[in-house]
Amino acid sequence: FTRPKENFTGAATQYTGEDIRAISKTSILSALKVLDASFQMPDDVVNGSNPNVLPKVQLRGTNSIMQTDMESEYGYISNPPLIIIDGFESDLQTLFDMSPNIVKSVTLLKDAAATAFYGSKSANGVLVVETIQPEEGKTQVFYTGTYGVNIPDLSSFNLMNAKQKLALEKEMGLYDGNEELYRTRLKNGNTNWLKVPLQKPFRHKHRLEVEGGDNSMLYQVYLLATPGNKGIMKGSKRDMYAVGTRLNYSHRGISVSDELRVDVIYSKDSPYGIFMNYMAINPYYRKYSEDGVAEAELGSGTFNPQPSPFYETTLSGFSKNRTTRVINNLQAAWQITEELTLSGHFVFSKDFNKQDQFVSPKSYRFMGLPIEDSELAGEYAVRRNNTTVYEEKLMLNYRNEFGHHRLNALLGIHSYASKVYSDNYTGVGLASDHMNYISFAQKYAFDRKPGGREFRDRLFGSYAVISYDYADRYMADAVLRVEKSSRLAPKKQVATSWGINGRWNIHREEMFAGCELLNRLTLQAGVGVVPGYQFDYNQVNPVYAYDIDNPYLNGIKNSLGLVTLSQINNYNPRLKW
């Protein structure tokens, strides 16, 4: 059920879509950072505004959205705050890509008393996002465009120019006996390497909607395109194209809504590498040699040679990614009586991600290979991730109003299952800078084999909620949830969440009825417990590995190809949430 934000209990704040768009037309996360002091995004000094890197987000504490070893290896975050979009669990990437133009409201639930309803996944807080639904009326067409220019700010850098750096080096005696090298570098002029990898991209997003319908059937079809989502670093981009439909049907107490959406995302990392590398290059080095060729090593043969990240941009290397995502969100409700409603939710999502990375055989990275391994220069890596998610909810809701009293009671069950599997392989030995595909590789990379992982996550829970409101002055909530999660330790897989909250809207008392200076004065109290798992799966479960390089059993060759099995981790099955 819904309630006005001034009647929330627990540590919760809500912002409308207008609030979000007034701060940022392009990023929900950036708007929340400004609106709410508890929502923080620390500056990423390494990746900057790279559109292909998710920001780190902290919601009331540092143990929130953080990258872990599990994320880098399996492609997911093992312990994030919970993100709910239109009633269903989602991820940070989806919220990061979402346009503020479709947001109806964003609610931040922060403490245990406020998040107990969502169980063990909400230990780091909850972000609840509601999107704008189609409205009744004649067929209408809407277009929304967002345009802007990103400009890099280099005003905080104060680096020496070529003359200053050369003067310092000469004063230190680095050119004693080599005056000619000093004069040669002085003639090279000054190169501002900070500006070399940067651009001022014109970014634009487009959304086209067609909606309409009557009081029994509403429909919406929308197209979304962000073909100009470029980063500050030259060559970086993240272009997304989406098509979706929404249907809402209601008749005689039965309502059904369904949303189907297909996303295709193309992303590419900058061939210029890391901006930090350009800060370290001496300003008296030129981008090109006298014959107009970019050199792999600047200052070769002198006392301070440096690899040139700019040289890599003249090769055919790349790192690109393609993601295809399908989401279907189905909700149905039966209003049995005026007070009693039975509702069910079902969501299915499928993500397929493929990443290709090519390092040219002419790259500086391979220039130190021994002669006997020189034919193995060049590298092509492929990584694929496939994620499938099923989520179901069934809820019975009782709602009644009598006089100044309002009572809500909810019973529900919730199940969630996800499967993530990935494979990866790397080939080496590509003969030419232009042979940039895996089929040109001669063999697998040094000491590496094709790899693959599979991870399953399951959860089942039941919950009860009761909420009482008297004349918008006195409010009380109680929540109890019991669930079993595969992420919890085997001997501690059942977790209980509970929360009790009360609120008194003092400003609604009769004594303040005519007071124009006081429009909000509340007293709140709450207590609750929400379980959280601050560890990875392999810290509470045994992990085994096959000795596939040794197909023997107890030292005797076996015609069946049996292999030995050994445990490869230390774990504690009694770790508690």
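Definitions and limits used
- Residues numbered from 1 in each chain as written.
- Predicted model: local features only at pLDDT ≥ 70, side-chain atom pairs only at ≥ 80, totals over all residues.
- Heavy atoms only, no water.
- Helix = DSSP H or I, 4+ residues; strand = E, 2+ residues; numbered from the N terminus.
- Buried < 20%, exposed > 50% of the residue type's maximum accessible area, 1.4 Å probe, protein only.
- Contact = heavy atoms within 4.5 Å.
- Lys, Arg positive; Asp, Glu negative; His and termini not counted.
- Charge placed at Lys NZ, Arg CZ, Asp CG, Glu CD.
- Pairing = 2+ DSSP bridges.
- Axes fitted to C-alpha atoms, helices over the stretch in contact; angles between N-to-C directions.
- Parallel < 35°, antiparallel > 145°, perpendicular 65-115°, else oblique.
- Nonpolar A, V, L, I, M, F, W, Y, C, P; charged D, E, K, R; others polar.
- Core = buried A, V, L, I, M, F, W, Y, C linked by side-chain atoms within 4.5 Å.
- Salt bridge = Lys/Arg side-chain N within 4 Å of Asp/Glu carboxyl O.
- Polar contact = N/O pair within 3.5 Å; in protein donor to acceptor, adjacent residues only side chain to side chain.
- pLDDT = per-residue confidence, 0-100.
- Arc of directions from axis to C-beta.
- Phe/Tyr/Trp six-rings, centres within 6.5 Å; stacked < 30°, edge-to-face > 60°.
- Lys NZ or Arg CZ within 6 Å of the ring centre and 35° of its normal.

Draft legend 1. Representation of the overall build of the protein in the model. Counting its secondary structure elements, the protein contains 9 helices and 27 strands. Projecting the C-alpha coordinates of the protein onto the three principal axes gives extents of approximately 95 × 75 × 50 Å. Burial status across the protein gives 39% buried among its 577 residues. Taking the contacts inside the protein whose residues are at least 6 apart along the sequence as the reference set, 68% of them involve residues at least 24 apart. Across the protein, the 63 positively charged side chains and the 62 negatively charged ones have centroids separated by 1 Å.

Draft legend 2. Region of the structure containing unusual backbone geometry. Although it is not a glycine, Asp86 sits at a positive phi angle of roughly 55°. In this structure, Asp86 sits in the loop between β4 (82-85) and β5 (88-90). A positive phi angle, close to 55°, is found at Ala471, a residue other than glycine. Looking at where Ala471 falls in the secondary structure, it is placed in the loop between β20 (451-470) and β21 (474-485).

Draft legend 3. Structural view of the sheet that holds β4. Read from one edge to the other, the open sheet built from 5 strands follows the order β1-β6-β7-β4-β5, with strand pairing classed as mixed. The sheet is open, and its two borders are formed by β1 (12-16) and β5, each paired with just one other strand. The mean angle between the axes of side-by-side strands here comes to 25°, regardless of whether they run parallel or antiparallel.

Draft legend 4. Quick look at the packing of helix α6 (residues 162-171) against helix α7 (residues 179-187). Look at α6 against α7: their axes get within 10 Å of each other, and the N-to-C directions meet at 170°. By the angle between their axes, α6 is roughly antiparallel relative to α7. Contacts between α6 and α7 pair Lys163, Leu166, Glu169 and Lys170 from the former with Glu179, Tyr182, Arg185 and Leu186 from the latter. Of the residues in the contact of α6 with α7, the class split is 3 nonpolar, no polar and 5 charged.

Draft legend 5. Highlighting the pairing of β4. Taking every second residue as pointing to the same face, both faces of β4 are buried, with Leu82 and Ile84 on one and Ile83 and Ile85 on the other. Sheet topology places β4 next to strand β7 (residues 126-131); 4 bridges connect them, and they run parallel. Across the sheet, residue Ile84 finds its bridge partner in β7, namely Val128. For β4 and β5, the ladder comprises 3 bridges, and the chain directions are antiparallel. Looking at the pairing, Ile83 lines up with Ser90 of β5. The antiparallel hairpin formed by β4 and β5 contains 2 residues in its connecting segment, where Asp86 sits at a positive phi of about 55°.

Draft legend 6. Molecular detail of the nonpolar core. Ranked by size, the top nonpolar core spans 23 residues in total, and within it Trp193, Tyr278 and Phe310 carry the most contacts. Taken together, the elements giving at least two residues each to this core come down to α6, α7, α8 (275-279) and α9 (309-312). If sequence neighbours within four positions are ignored, Trp193 has contacts with Tyr278, Ile281, Asn282, Pro283, Tyr285, Arg286, Lys287, Leu298 and Phe310. In terms of nonpolar packing, the next biggest core, distinct from the first, is built from 21 residues, Ile20, Ala31, Phe39 and Leu127 among them.

Draft legend 7. Local environment of the pattern of salt bridges. Considering all chains together, one arrives at 23 salt bridges under this definition. The shortest N-O distance in the salt bridge between Asp36 and Lys110 comes to 3.1 Å. Taken as a pair, Asp36 in the loop between α2 (28-35) and β2 (39-40) and Lys110 in the loop between β6 (103-109) and α5 (112-115) lie far apart in primary sequence, 74 residues in all. We note that Asp36, like Lys110, is buried. A salt bridge links Lys121 to Glu89; its shortest N-O distance comes to 3.1 Å. Residue Lys121 is found in the loop between α5 and β7, and its partner Glu89 is found in strand β5; the two are separated by 32 residues along the sequence.

Draft legend 8. The arrangement of the side chain of Asn386 in detail. Positionally, Asn386 belongs in strand β17 (residues 379-402). With relative accessibility at 10%, the residue Asn386 sits in the buried group. At a separation of 3.2 Å, a polar atom in the side chain of Asn386 contacts the side chain of Lys350. Other than its neighbours up to four places away in sequence, Asn386 contacts Lys350, Asp351, Phe352, Lys419, Val420 and Tyr421.

Draft legend 9. Looking closely at the confidence of the model for the protein. For the protein, the mean per-residue pLDDT works out to 87, and 93% of the residues sit at or above 70. Between residues 63-78, whose pLDDT stays under 50, and residues either more than four places distant or in other chains, the model counts 43 contacts.

Draft legend 10. Structural context of α2. Listed as buried for α2 are Ile28, Leu29, Ala31 and Leu32. Burial along α2 is one-sided: seen end-on, the buried residues are contained in an arc of 160°. Elements in contact with the buried residues of α2: β1, α1 (17-23), β2, α4 (92-97), β6 and β7. For α2, the capping residue at the N-terminal end is Ser27, with a side-chain oxygen 3.5 Å from the backbone nitrogen of Leu29.

Draft legend 11. Focus on the packing of aromatic side chains. Enumeration over the complete set of coordinates arrives at 18 aromatic pairs. Each ring, one from Tyr284 and one from Tyr285, has its centre 5.0 Å from the other, and the planes form 70°; the classification is edge-to-face. A single burial state applies to Tyr284 and to Tyr285, both of which are buried. Within the aromatic cluster, the residues linked to one another by ring pairs are Tyr272, Tyr278, Tyr288 and Phe310. One residue, Arg185, lies across the ring of Phe303, its end atom 5.2 Å from the ring centre.

Draft legend 12. Quick peek at the environment of Val293. For Val293, the location among the structural elements is in the loop between α8 and β13 (297-298). For the pair Val293 and Ala116, spaced 177 residues apart in the sequence, the C-alpha separation amounts to 63 Å.

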